[in-house]
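# Notes for the structure review
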Amino acid sequence: MPSEVAPSAIRDFINKELIDLGVEEDALDADARFDELDIDSLDVADLMTSIKRDYGVVIPRRDLVGITLGQLVERVVSERAAGAQEAAGAE
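The following paragraphs examine the structure supplied in this document. The structure displayed is predicted, hence computed values, not measured ones. (Residues numbered from 1 in each chain as written. Predicted model: local features only at pLDDT ≥ 70, side-chain atom pairs only at ≥ 80, totals over all residues. Heavy atoms only, no water.)

By the element assignment, Arg 75 lies in helix 3 (residues 69-90). As for Arg 75 and Val 57, which are separated by 18 residues in sequence, their C-alpha atoms are 8.9 Å apart. When near neighbours in sequence (up to four residues on either side) are disregarded, Arg 75 contacts Ile 59, Pro 60 and Asp 63. (Helix = DSSP H or I, 4+ residues; strand = E, 2+ residues; numbered from the N terminus. Contact = heavy atoms within 4.5 Å.)

Below, the structure written as structure tokens:
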């Protein structure tokens, strides 16, 4: 079962990954729209792979259109929680 992770830790993780992909730190706030960041589709794929690896959450790229970084963090948090509930129900 996935352990609980604070939304701030997920936000910090996503911000670090985006900075590593070349996004300016000043562009990273909760209201920044994900699809307006200066990253290409390969960068998006790298980020989604990192999120899957570290948090066990799969988010299709098409779901990123129009959402903010804050909404992306909320999605990772909620999908981790849903996964934890499913795992607890399977025991």
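On to the side chain of Asn 15, then. Along the polypeptide, Asn 15 turns up in helix 1 (residues 7-20). If near-sequence neighbours (up to four positions away) are discounted, Asn 15 is found in contact with Leu 28 and Leu 69.

By size, the foremost hydrophobic cluster in this structure holds 23 residues, and its most contacted members are Ile 14, Leu 18, Phe 34, Leu 37, Met 48, Ile 51 and Leu 64. Within the residue set of this core, elements represented by two or more residues are helix 1, helix 2 (41-55) and helix 3. Considering every element that reaches this core, the biggest residue donor is helix 2, with five residues. Setting aside its immediate chain neighbours within four residues, Ile 14 contacts Ile 51, Leu 72 and Val 73. (Core = buried A, V, L, I, M, F, W, Y, C linked by side-chain atoms within 4.5 Å. Buried < 20%, exposed > 50% of the residue type's maximum accessible area, 1.4 Å probe, protein only.)

Relative to the 21 Å expected for 15 residues at 1.5 Å per residue, helix 2 spans 21 Å between its end C-alpha atoms, a close match to the ideal helical length. Among the residues making up helix 2, those that are buried are Asp 43, Val 44, Leu 47, Met 48, Ser 50, Ile 51 and Tyr 55. The arc enclosing the buried residues of helix 2, seen along the axis, measures out at 155°, which places them on a common side. The exposed set on the far side of helix 2, more than 90 degrees from its buried face, consists of Leu 42, Thr 49 and Arg 53. Structurally, the start of helix 2 carries an N-cap: the backbone nitrogen of Leu 42 is 3.1 Å from a side-chain oxygen of Asp 40. A positive backbone phi angle near 70° is found at Gly 56, which sits one or two residues after helix 2. (Expected span 1.5 Å × (residues − 1). Arc of directions from axis to C-beta. Polar contact = N/O pair within 3.5 Å; in protein donor to acceptor, adjacent residues only side chain to side chain.)

The analysis is restricted to geometry; functional conclusions fall outside its scope.
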